[in-house]
Amino acid sequence: MTDNDAALAAELQAQFDRQDVGFAVEPITTCPHVPTPISTHVFLDQACGACQEPHENWQCLTCDTVLCSRYRNGHMVDHFEQAKDHAVCLSYSDLSIWCFQCESYIANERLQGIKEVAYIAKFGEAPPNQSTIKIVDGASGSGSGSGAGSSSA
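Residues numbered from 1 in each chain as written. Predicted model: local features only at pLDDT ≥ 70, side-chain atom pairs only at ≥ 80, totals over all residues. Heavy atoms only, no water.

## Digging into the nonpolar core
In this structure, Leu90, Ile97 and Ile106 are the most contacted members of the largest nonpolar core, which totals 28 residues. At the level of elements, β1 (57-60), β2 (66-68), α2 (75-82), β3 (88-91), β4 (97-99) and α3 (112-123) are the ones that each hand at least two residues to this core. If near-sequence neighbours (up to four positions away) are discounted, Ile97 is found in contact with Leu61, Val88, Cys89, Leu90, Ser104, Tyr105, Ile106, Leu111, Ile114 and Lys115. (Core = buried A, V, L, I, M, F, W, Y, C linked by side-chain atoms within 4.5 Å. Buried < 20%, exposed > 50% of the residue type's maximum accessible area, 1.4 Å probe, protein only. Helix = DSSP H or I, 4+ residues; strand = E, 2+ residues; numbered from the N terminus. Contact = heavy atoms within 4.5 Å.)

## Quick notes on the confidence of the model for the protein
Taken over all residues, the pLDDT of the protein has a mean of 82, while the share at 70 or more is 78%. Ignoring residues within four places in sequence, the model shows residues 131-153, a span with pLDDT below 50, making 21 contacts including any to other chains. (pLDDT = per-residue confidence, 0-100.)

## A look at the sheet that holds β1
With antiparallel pairing, the five strands of this open sheet are ordered in space as β2-β1-β3-β4-β5. Edge positions in the sheet fall to β2 and β5 (104-105), since each of these pairs with one other strand and no more. Here β4 pairs with β5 via two bridges, running antiparallel. Within β5, the position partnered with Trp98 by the bridge is Tyr105. Relative to β2, α2 is tilted by about 120°, and along the sheet it contacts β1, β2 and β3. (Pairing = 2+ DSSP bridges. Axes fitted to C-alpha atoms, helices over the stretch in contact; angles between N-to-C directions.)

## As for the side chain of Gln59
Structurally, Gln59 is set in strand β1. Within the structure, Gln59 has its side chain in polar contact with the side chain of Asp64 (distance 2.9 Å). If sequence neighbours within four positions are ignored, Gln59 has contacts with Ser39, His41, Val42, Phe43, Asp64, Thr65, Val66, Met76, Val88, Cys89, Leu90 and Tyr92. (Polar contact = N/O pair within 3.5 Å; in protein donor to acceptor, adjacent residues only side chain to side chain.)

This is the structure in structure tokens:
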């Protein structure tokens, strides 16, 4: 590495370190790979069916198989690679839903049932009401919210 390369790398790292903002992952809202019917069961206490890993497991929403994430031993990725029509799975870590075919998270009305079942299984209560989001018009500062919990930012 030359001195110029080292200086550039140091400057880029300094710029990165000064950033105090994260990034947002924007899930897709339509996915042709969501199975029908969608499972209504979750198995949060079940270890990976291939290696018995107890953490970071995912559930295939096509066949209910529970396997570990790519960040453990990658058995859910292997499952998808062997059964390409088993593309959509639920993360037991953060209750997100991922499609391997689309390579994206999914936020879709059809998936709310399984997400609610998983939330109750994980936390022992219903998910909080999500209708308390307030939309603010940036130009005028006015906004409208729904639900009793609306508040301004």
